[in-house]
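# Descriptive analysis of the structure
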Amino acid sequence: EGLQIKFLVKANHGNLLANKSKKQAIDAYTQAYKTLKKYSTETNPFGENKIITANNIESVHRGLLELQSNPNQEIDSSLKQHFYDRLEHSLKSKNWKAADKTTDTLMLFIAEREEEGYLDIPQIEKFPCSDLQNINKLWVDNSNNNFGFSVQKKIWLNQGNKLDVQRNWNKNDEEKYLRFARELGWYADDNTNAKRKSLWVNYERYIELLNSNPKS
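Throughout what follows, the structure given in this document is the object of discussion.

Criteria and cut-off values
Sequence order as written defines the numbering, with residues in each chain counted from 1. Two thresholds apply to this predicted model, a pLDDT of at least 70 for residue-level local features and 80 or more for giving and counting side-chain atom pairs, whereas whole-chain, interface and lining totals are computed over all residues. No hydrogens and no water enter the side-chain calculation; it runs on all heavy atoms of the structure. Helix numbers and strand numbers start at the N terminus; a helix is a DSSP run of H or I with at least 4 residues, a strand a run of E with at least 2. Pairs of residues are marked as contacts when any of their non-hydrogen atoms sit within 4.5 Å. Only the protein chains shown count as cover for residues, with accessible areas throughout obtained via the Shrake-Rupley method and a probe of 1.4 Å. As used throughout, the charge tally considers Lys and Arg to be positive and Asp and Glu to be negative, leaving His and the chain termini uncounted. For the purpose of locating charges, the reference atoms are NZ of Lys, CZ of Arg, CG of Asp and CD of Glu. Type-normalised accessible area, obtained with a 1.4 Å probe on protein chains alone, sets the label of each residue: buried when under 20%, exposed when over 50%, and partly exposed for intermediate values. The salt bridge definition used is simple: a Lys or Arg side-chain nitrogen within 4 Å of an Asp or Glu carboxyl oxygen. Pairs were defined over the aromatic rings of Phe, Tyr and Trp, the Trp ring being its six-membered one, requiring ring centres within 6.5 Å. Orientation was assigned from the angle between planes: stacked under 30 degrees, edge-to-face over 60, tilted for the rest. Only when the NZ of Lys or the CZ of Arg is both within 6 Å of the ring centre and within 35 degrees of the ring normal is a charge said to sit over the ring.

Quick look at the overall build of the protein now. A tally of regular secondary structure across the protein gives 10 helices and two strands. Secondary structure of the protein in N-to-C order comes out as α-α-α-α-α-α-α-α-α-β-β-α. When its C-alpha atoms are laid out on the principal axes, the protein stretches across 60 × 35 × 30 Å. Look at the contacts in the protein between residues 6 or more apart in sequence, and 48% of them connect residues 24 or more apart. For the protein, the exposed area adds up to about 14,000 Å²; of that, 48% sits on carbon and sulfur atoms. Side-chain charges of the protein comprise 32 positive and 29 negative groups, with the mean position of each set lying 1 Å from the other.

What follows is the structure, given as structure tokens:
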């Protein structure tokens, strides 16, 4: 636990100094970062009885990226790998909600769209294929082939759709997407009222359904 405490002391020191002394904060974050790299096994937040959390590690990377004047590719790549590790841990633990949120965080980070909070068509079109494949493989391998981009792609194509979706949707395109959403469980019929209607499934409710029956 000594190395974990050493890391946390330096990380917290950096947090306290971030708005007071940029140089001292960078020095503290750097020492914490070096501890992570040198003792990766001991400071792995996904093991048992760990004091360090994934958020602690993320904050050190974020602190360095925000305070340093020049872009730091090493820190950037290290944070990206941390998100991948967190995603894999969540998937292996069958924590679908955490995995979904980490996937969102990872993709926005890769696309440099964290401030916007979403990907639009230009960012989707230039999203690195290697990362898309890596994320998909993690989901497929850890969900018994139930989840992943490739799984959704297969469902989309099996419904007779094509991959060259037009940017300006018409009524027919919307109906195709709703059929696809129904198949995935995102959109469902509401039979609680006398007048039948279809609704988008609440996110928390959807996660409950996945936890109870991933194959549904």
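Text resumes after the structure shown.
Turning our attention to the environment of K92. Counting through the fold element by element, K92 comes out in helix α4 (residues 73-92). Residue K92 is classed as exposed on the basis of its relative accessible area, which comes to 52%. For the pair K92 and D141, spaced 49 residues apart in sequence, the C-alpha to C-alpha distance is 9.3 Å.

Our next topic: the pattern of salt bridges. A side chain of one charge can pair with a side chain of the opposite charge when the charged atoms of the two come close. Taken as a whole and assessed by the stated rule, the structure comprises 11 salt bridges. Across the pair R113 and D120 runs a salt bridge whose closest N-O atoms are separated by 3.5 Å. Owing to a relative accessible area of 10%, R113 belongs among the buried residues under this scheme. We classify D120 as partly exposed; its relative accessible area is 27%. Through salt bridges with shared partners, a single ionic network connects E58, R62, R86 and E114.

Attention shifts here to the packing of aromatic side chains. Following the criterion strictly, the structure yields 10 aromatic pairs and no others. Ring centres of W169 and Y177 lie 5.5 Å apart, and the angle between their planes is 50°; this geometry places the pair in the tilted category. On the basis of relative accessible area, W169 is assigned to the partly exposed category, the value being 39%. The partly exposed category is assigned to Y177, whose relative accessible area is 26%. Ring geometry for Y177 and F180: centres 5.9 Å apart, planes at 50°, overall tilted. Placement of the pair is Y177 and F180 together in helix α9 (residues 171-184), with a separation of three residues, close to one helical turn. An aromatic cluster is built from W156, W169, Y177, F180, W186, Y187 and W200, whose rings are joined through pairwise contacts. The ring of Y118 is capped by R113, whose NZ or CZ atom sits 4.8 Å from the centre of that ring.

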